[in-house]
Amino acid sequence: MKAVFEIIPDYIVADRCELVCEISNEGFSYLIKDCGAKIFIGSGVYHFNNIIGGNYAQALRKIFEQTGSLSENYKKVQVIYSFPESVLIPFSLYNSRNNAAVLNMVHGDFTDNDAILTDVLLKSKVYNCYRISSEISREIHNKFPSCEALHQYSFLMNNLSANSNRLSVTFYPQKIVLSVEKDGKILLINSFHYKTAEDVSYTLLNICRRFEIEKIPVEVSGLIEKDSALYKEIYKYFDQVSFPKLTKEINFSEEMNKYPAHFFSHFFAVDSCE
């Protein structure tokens, strides 16, 4: 486990703050927003490196034990599961008894260590059926028993903009989560692994060819720098490459302003302070 960065607030008024967490095979990250002051005050990003036997639950437990800001009694806790084993099923075709069979068919055989979860997406009239490690699910709910959990693909579907045309790419260590929006409809949401910058450009170009898309704007977020080989490789083939635009309501503490805002921007669609 490696801490990429940690921004620990000096002081937290937990009952007016929201905590948003994301867990994936690549790592764990979180963002703290002071809803009263309307400002993001803390964050942490940890990568799971060289974990023996893939025991991510144990690594997650270690983060929870060592990070005091995760033990506050927050007004609200939301958890995003960013795992690739997901299937979107229209209401008309859904039968809960077939969840395991559908996931097995698309992603390989179910194991005894997996938990199957389902998000109901009323706006899109689909179910998101997905599976995660039972041990990870148990660690999350032991730590945050009242949390609201949602799969990453679900909130991408829920936050689709009307008449949007966009290819969105969120970067993780050796993984991208890609969504394609055309005329306000989602054409594709999927995860792809990569080793080199060329792998990423090949994936994006292949997706555009398959869907017969030309000159679509590309929006990138996550851990990618503008002067990196990854960004420059994408810019070779796409004329419009940008980071997400921030609204005036999004503000950061002095410490968080030291980092590019797009590092955290994929969390903003989840933010729902009331």
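In this report, we go over the structure that sits alongside the text. The model shown is predicted, which means the values in this text are computed figures rather than measured ones.

## Points about the pattern of salt bridges
In step 1: This model, assessed by the stated rule, comprises 9 salt bridges.
In step 2: The partner of Lys76 in a salt bridge is Glu148, and the shortest N-O contact between them spans 3.8 Å. One end of the pair, Lys76, is in strand β5 (residues 76-82); the other, Glu148, is in strand β9 (residues 148-151), with 72 residues separating them in the sequence.
In step 3: Accessibility expressed as a relative area gives 42% for Glu148, which makes it partly exposed.
In step 4: A salt bridge links Arg166 to Glu219; the nearest nitrogen and oxygen atoms lie 3.4 Å apart. With a gap of 53 residues between them, Arg166 in strand β10 (residues 166-172) and Glu219 in strand β13 (residues 218-222) connect regions that are remote in the sequence.
In step 5: A single salt-bridge network, built from bridges that share partners, covers Arg166, Glu181 and Glu219.

## Describing the packing of helix α1 (residues 56-66) against helix α3 (residues 134-143)
In step 1: At their nearest, the axes of α1 and α3 sit 8 Å apart, and the two run at 20° to each other. It follows from the interaxial angle that α1 and α3 lie roughly parallel. In the packing of α1 onto α3, the handedness of the crossing is right-handed. Where α1 abuts α3, its residues Tyr56, Ala57, Leu60, Arg61 and Phe64 lie against Glu135, Ile136, Glu139, Ile140 and Lys143.
In step 2: Broken down by class, the residue content of the contact of α1 with α3 amounts to 6 nonpolar, no polar and 4 charged.

## A short note on a nonpolar patch on the surface
In step 1: A cluster of nonpolar side chains, contributed by Phe91, Val120 and Leu122, occupies part of the molecular surface with about 280 Å² of accessible area.
In step 2: Here Val120 shows up in strand β7 (residues 114-121).

## A look at the sheet that holds strand β1 (residues 2-7)
In step 1: Strand order in the open sheet formed by 6 strands is β1-β4-β3-β2-β5-β9, and the pairing between neighbours is mixed. Looking at strand neighbours, the two that pair on one side only are β1 and β9, the edges of this open sheet. Averaged over all neighbouring strand pairs, the angle between strand axes comes to 15°, with direction disregarded.
In step 2: Sheet topology places β5 next to β9; 4 bridges connect them, and they run parallel. Considered in β9, the bridge of Ile80 is made with Leu150.
In step 3: Sitting on the sheet, α3 touches β2 (17-24) and β5, and the angle it makes with β5 is about 170°.

## A look at the environment of Arg61
In step 1: With respect to the helices and strands, the residue Arg61 is situated in helix α1.
In step 2: A relative accessible area of 34% places Arg61 in the partly exposed class.
In step 3: As for Arg61 and Ile140, which are separated by 79 residues in sequence, their C-alpha atoms are 8.8 Å apart.
In step 4: Of note is the side chain of Arg61, whose polar atom sits 2.8 Å from the side chain of Glu139.

## Observations concerning the sheet that holds β7
Note: strands within a sheet are paired through backbone hydrogen bonds, in either parallel or antiparallel orientation.
In step 1: In space, the 3 strands of this open sheet follow the order β6-β8-β7, with antiparallel pairing throughout. Every interior strand has two partners, whereas the edge strands, β6 (86-90) and β7, have only one. Each strand axis lies, on average, 20° off the axis of its neighbour in the sheet, ignoring direction.
In step 2: Two elements, β7 and strand β8 (residues 126-133), share 8 bridges in a ladder whose sense is antiparallel.

## Quick notes on the nonpolar core
In step 1: Core analysis: the largest hydrophobic core is formed by 29 residues, its most contacted members being Leu19, Ile23, Phe28, Val79 and Ile140.
In step 2: Every element with two or more residues in this core is listed here: β2, β3 (27-34), β4 (39-47), α1, β5, β8 and α3.
In step 3: At 5 residues, the largest contribution of residues to this core is made by α1.
In step 4: Non-local contacts of Ile140, meaning those with residues more than four positions away in its chain, are made with Ile23, Leu60, Phe64, Val79, Tyr81 and Cys147.

## A few points about the packing of aromatic side chains
In step 1: Counting across every chain of the model gives 18 aromatic pairs.
In step 2: Residues Tyr30 and Tyr46 carry aromatic rings whose centres are separated by 6.5 Å and whose planes lie at 20° to one another, so their mutual orientation is stacked. Residue Tyr30 is found in strand β3, and its partner Tyr46 is found in strand β4; the two are separated by 16 residues along the sequence. Of the two residues, Tyr30 and Tyr46, neither departs from the other in class, the shared state being buried.
In step 3: On the basis of an interplanar angle of 50° and a centroid distance of 6.4 Å, the ring pair of Tyr81 and Tyr130 is categorised as tilted. Of the two residues, Tyr81 sits in strand β5 while Tyr130 sits in strand β8, which places them 49 residues apart along the sequence. You'll find Tyr81 and Tyr130 in the same group, each marked buried.
In step 4: Taking the ring centre of Tyr172 as reference, the NZ or CZ of Lys175 above it sits at 4.6 Å.

Definitions and limits used
- Residues numbered from 1 in each chain as written.
- Predicted model: local features only at pLDDT ≥ 70, side-chain atom pairs only at ≥ 80, totals over all residues.
- Heavy atoms only, no water.
- Salt bridge = Lys/Arg side-chain N within 4 Å of Asp/Glu carboxyl O.
- Helix = DSSP H or I, 4+ residues; strand = E, 2+ residues; numbered from the N terminus.
- Buried < 20%, exposed > 50% of the residue type's maximum accessible area, 1.4 Å probe, protein only.
- Axes fitted to C-alpha atoms, helices over the stretch in contact; angles between N-to-C directions.
- Parallel < 35°, antiparallel > 145°, perpendicular 65-115°, else oblique.
- Left-handed = near helix turned anticlockwise from the far one by under 90°.
- Contact = heavy atoms within 4.5 Å.
- Nonpolar A, V, L, I, M, F, W, Y, C, P; charged D, E, K, R; others polar.
- Patch = residues over 30% accessible without salt bridge, like charges linked within 9 Å, V, L, I, M, F, W, Y side chains within 5 Å.
- Areas by Shrake-Rupley, 256 points an atom, 1.4 Å probe, with all protein chains shown as cover.
- Pairing = 2+ DSSP bridges.
- Polar contact = N/O pair within 3.5 Å; in protein donor to acceptor, adjacent residues only side chain to side chain.
- Core = buried A, V, L, I, M, F, W, Y, C linked by side-chain atoms within 4.5 Å.
- Phe/Tyr/Trp six-rings, centres within 6.5 Å; stacked < 30°, edge-to-face > 60°.
- Lys NZ or Arg CZ within 6 Å of the ring centre and 35° of its normal.

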